[in-house]
Amino acid sequence: MLSLDRHAQGKLAELEGRELRRVLAPTARLGGARVLRGGRELISFACNDYLDLAHHPRVKAAACEAVDRHGAGAGASRLVTGDAPETGALEAALARRAGSQAALAFGSGYLANLGVLPALAGPGDLVLVDALAHSCIWAGARLSGARVERFAHNDLADLERRLAAGRGDARHALIATESVFSMDGDPAPVPDILKLAERRDAWALVDDAHGLGVLEPASGARPPLQVGTLSKALGSTGGYVCASRAVVDLLTSRARPFVYTTGLAPAAAAAALAALEVLEAEPERGARARASARRLAGRLGLPEPAAAIVPLVVGDPREALRLAAGLEAQGFLAPAIRPPTVAPGTARLRFALSAAHTPAQVDAVADAVLALVARRAA
Ligand SMILES: *Cc1c(COP(=O)(O)O)cnc(C)c1O
C-alpha cells in the first residue's frame, strides 16, 4: 500500500474511533423544507436557506436567464475576462442594503474572509477574533500573518483588556466577529463592539452570514467591514464584503481569493440579486423563521433564540449521532454537529428554522426530540 493511503486510512480509523468521521449522504432538496433521501421524504432542519428562497420561482428564473445569456460559468477572474453586469448589479444592491459605499462579491463566504483579512492586516498588526467565530475567520486571520488573539465569546471586557494591552505595539488592530453565531445562534453585541473599536482605534469586521434576512439590521450599527454569504438566506452561492469605496477598490486589487480565482458564476449573482429583491419585498419571511425558532426552543425548554438557529447541546458526539439517527428514522433531518466544528464536549443537534416550516412541523420535531431524550434518560 502507498504510504499516502496508509496515512489516510490510519487517520480515518482514528476519527472513526472518536465518532468524528464525516460522510456524505446523497440528498435532493425539494424546496419548502422537504428533502428526498434514500427514497424517503424528510422535513429538513439542516439547511441555512432561512427564507426558503433557493426554490423561489423568481430566484430560479433569474438563474436560468443568466445561464441562457452568459453560459454556466464566468470563464476567468473578473479582472481578466471582464465583468458580468449581474455581478455589478448584485454588488450595488448589497452595498445599498448594508448602507455602505461599495461591495465586492467572492466565490463563497469562506473565500471572502480568506480574502479580506489578509488583504487588510499583516505582520505588525493585531487581529482579535471571537472564540466562537467561524473557521474561515480564523483561517483568514492566521493567513494574514498578523498577531492573532482569541477573545472570550461576546466578552467586551476581555476584548477591551486585550486591546488595551496589545494596541500600542500594533500598527493596526482589527476585531472580527459574527452578527449571529453559526453554531450557537446567539447575537454579538455589535453596537458595543463598534463603539469599543472606535475608542481604541481598531477596525471591525462583522460576518453577517446568519443575520442577513433573518435579523433586522441593528439601526446605526454599520461595521466598516460587513462580510456575508449569498449561500444562506439568499439561497444561492457566493460571498461578499460591503465596505467603503476605498477598501473595496483595495480588495479588488489585493484580495487573493478574488484576484486569482474565477469570478462568481453570473447565474449565482443573478439568483442572489433576485433573492435580495424578494427578501426586501417580503420581510415577513425572516419574521416567520424567527417565530419558528422561538417555538421550537420553547417546546424544548431552551433559551429564546434571537435568530433562526436552535442548538440542542448534548455534549457527547455519540449521543448527538444517536439523536440525529432517531430523528431521521421518524422523518426529520437535523444534523449532529461535532468537534472540531464546535468545542470538545459540546456536540449538539443544530436546528435551522426557515420561513417554510409550519408550526405543526416544528411541534412534531420537538415531540420527537423530547421522546428520544426521555428514552435515553429512562
Ligand atoms: C457559512 C458561513 C460562512 C461561509 O459561507 P459560505 O458562503 O458557505 O462559504 C462564513 N462565515 C460564517 C459565519 C458562516 O456561518
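Residues numbered from 1 in each chain as written. Predicted model: local features only at pLDDT ≥ 70, side-chain atom pairs only at ≥ 80, totals over all residues. Heavy atoms only, no water.

This paragraph deals with the overall build of the chain. Scanning the chain from terminus to terminus reveals 14 helices and 14 strands. Since a compact globule built from 378 residues should have a radius of gyration of about 21 Å, the 21 Å found for the chain is in line with a globular shape. Considered along the principal axes of its C-alpha atoms, the chain spans approximately 60 × 55 × 55 Å. The buried share of the chain, reckoned over its 378 residues, is 51%. Within the chain, residue pairs in contact and separated by at least 24 positions form 67% of the contacts whose partners lie at least 6 positions apart. (Helix = DSSP H or I, 4+ residues; strand = E, 2+ residues; numbered from the N terminus. Rg over C-alpha atoms; globule rule 2.2 N^0.38 Å. Buried < 20%, exposed > 50% of the residue type's maximum accessible area, 1.4 Å probe, protein only. Contact = heavy atoms within 4.5 Å.)

With four of five residues buried, strand E8 (residues 203–207) lies mostly within the body of the structure. In terms of strand pairing, E8 meets strand E9 (residues 225–229) through three bridges, oriented parallel. Looking at the pairing, valine 206 lines up with glutamine 226 of E9. (Pairing = 2+ DSSP bridges.)

Let's shift gears to the pattern of salt bridges. Enumeration over the complete set of coordinates arrives at 30 salt bridges. A salt bridge links aspartate 201 to arginine 167, with the shortest nitrogen-to-oxygen separation between them at 3.1 Å. Remark: arginine 167 occurs in the loop between helix H7 (156–166) and strand E7 (173–178) and aspartate 201 occurs in the loop between helix H8 (190–199) and E8; sequence separation between them is 34 residues. Between arginine 322 and glutamate 319 there is a salt bridge whose closest N-O contact spans 2.9 Å. Of this pair, arginine 322 and glutamate 319 both sit in helix H13 (residues 317–329), separated by three residues, roughly a single helical turn. Accessibility expressed as a relative area gives 30% for arginine 322, which makes it partly exposed. Look at the salt bridges and you will find they share partners, linking Arg147, Glu149, Asp158, Arg161 and Arg162 into a network. (Salt bridge = Lys/Arg side-chain N within 4 Å of Asp/Glu carboxyl O.)

Now for the site of the ligand. Near the ligand, the surroundings consist of 14 residues, among which Gly109, Asp207, His210, Thr229 and Lys232 are the closest. At 2.6 Å from an oxygen atom of the ligand is found a side-chain nitrogen or oxygen belonging to threonine 229. About the coverage of the ligand: the protein hides 85% of its 380 Å² of free accessible area. (Near = heavy atom within 4 Å. Polar contact = N/O pair within 3.5 Å; in protein donor to acceptor, adjacent residues only side chain to side chain. Areas by Shrake-Rupley, 256 points an atom, 1.4 Å probe, with all protein chains shown as cover.)

The subject of this paragraph is the sheet that holds E8. Spatial strand order, E4-E10-E9-E8-E7-E5-E6: seven strands in an open sheet with mixed pairing. Here the strands that pair on one side only, and so sit at the sheet edges, are strand E4 (102–106) and strand E6 (147–151). Taking each pair of neighbouring strands and ignoring which way they run, the sheet shows an average axis angle of 20°. The strands that helix H9 (residues 245–254) touches are E4, E9 and strand E10 (239–243); relative to E4, the one it contacts most, it runs at about 30°. (Axes fitted to C-alpha atoms, helices over the stretch in contact; angles between N-to-C directions.)

This part is about the side chain of threonine 177. Topologically, threonine 177 is positioned in strand E7. Residue threonine 177 is classed as buried on the basis of its relative accessible area of 1%. Each residue touching threonine 177, except ones within four places of it in the same chain, is listed here: Asp130, Ile137, Ala188, Ile193, Leu205, Val206 and Asp207.

For the rest of this paragraph, the subject is the nonpolar core. Judged by nonpolar contacts, the single largest core of 40 residues is most densely connected at Tyr50, Leu90, Leu94, Leu230, Leu234 and Leu264. Contributions of two or more residues to this core are made by helix H2 (57–70), helix H4 (85–98), E4, E10 and helix H11 (266–281). When residues in this core are grouped by element, the largest group, 12 residues, is from H11. Residues contacting leucine 230, with those up to four places away along its chain left out, are Leu90, Leu94, Gly235, Ser236, Thr237, Gly238, Gly239, Tyr240, Leu264 and Ala272. In this structure, Leu117, Ala176, Ala243 and Leu251 belong to the second largest nonpolar core, which totals 28 residues. (Core = buried A, V, L, I, M, F, W, Y, C linked by side-chain atoms within 4.5 Å.)

In this section: the packing of aromatic side chains. Throughout the structure, instances matching the rule amount to three aromatic pairs. The interplanar angle of 50° and the centroid separation of 6.4 Å between the aromatic rings of phenylalanine 45 and phenylalanine 332 together place this pair among those described as tilted. Placement of phenylalanine 45 in the loop between strand E3 (40–44) and H2 and of phenylalanine 332 in strand E12 (residues 332–333) is noted, with a sequence separation of 287 residues between them. For the residue pair phenylalanine 45 and phenylalanine 332, the accessibility class agrees, reading buried in each case. Summarising the aromatic geometry, the rings of phenylalanine 45 and phenylalanine 351 are spaced 6.1 Å apart at their centres and angled 75° between planes, so their arrangement reads as edge-to-face. Separated by 306 residues along the polypeptide, phenylalanine 45 in the loop between E3 and H2 and phenylalanine 351 in strand E14 (residues 347–352) bring together distant segments of the chain. Residue classification places phenylalanine 45 among the buried positions, given a relative accessible area of 0%. Taking the relative accessible area as the measure of exposure, phenylalanine 351 reaches 0% and is therefore buried. Aromatic ring contacts, followed pair by pair, group Phe45, Phe332 and Phe351 into a single cluster. (Phe/Tyr/Trp six-rings, centres within 6.5 Å; stacked < 30°, edge-to-face > 60°.)

When the terminal C-alpha atoms of helix H14 (residues 359–377) are compared, their 27 Å separation across 19 residues agrees well with the 27 Å that a helix rising 1.5 Å per residue should span. Turning to H14, its buried residues number three or more, namely Gln361, Val362, Asp363, Val365, Ala366, Ala368, Val369 and Leu372. Next to the buried residues of H14 lie E3, helix H12 (284–300), strand E11 (309–315), H13, E12 and E14. (Expected span 1.5 Å × (residues − 1).)

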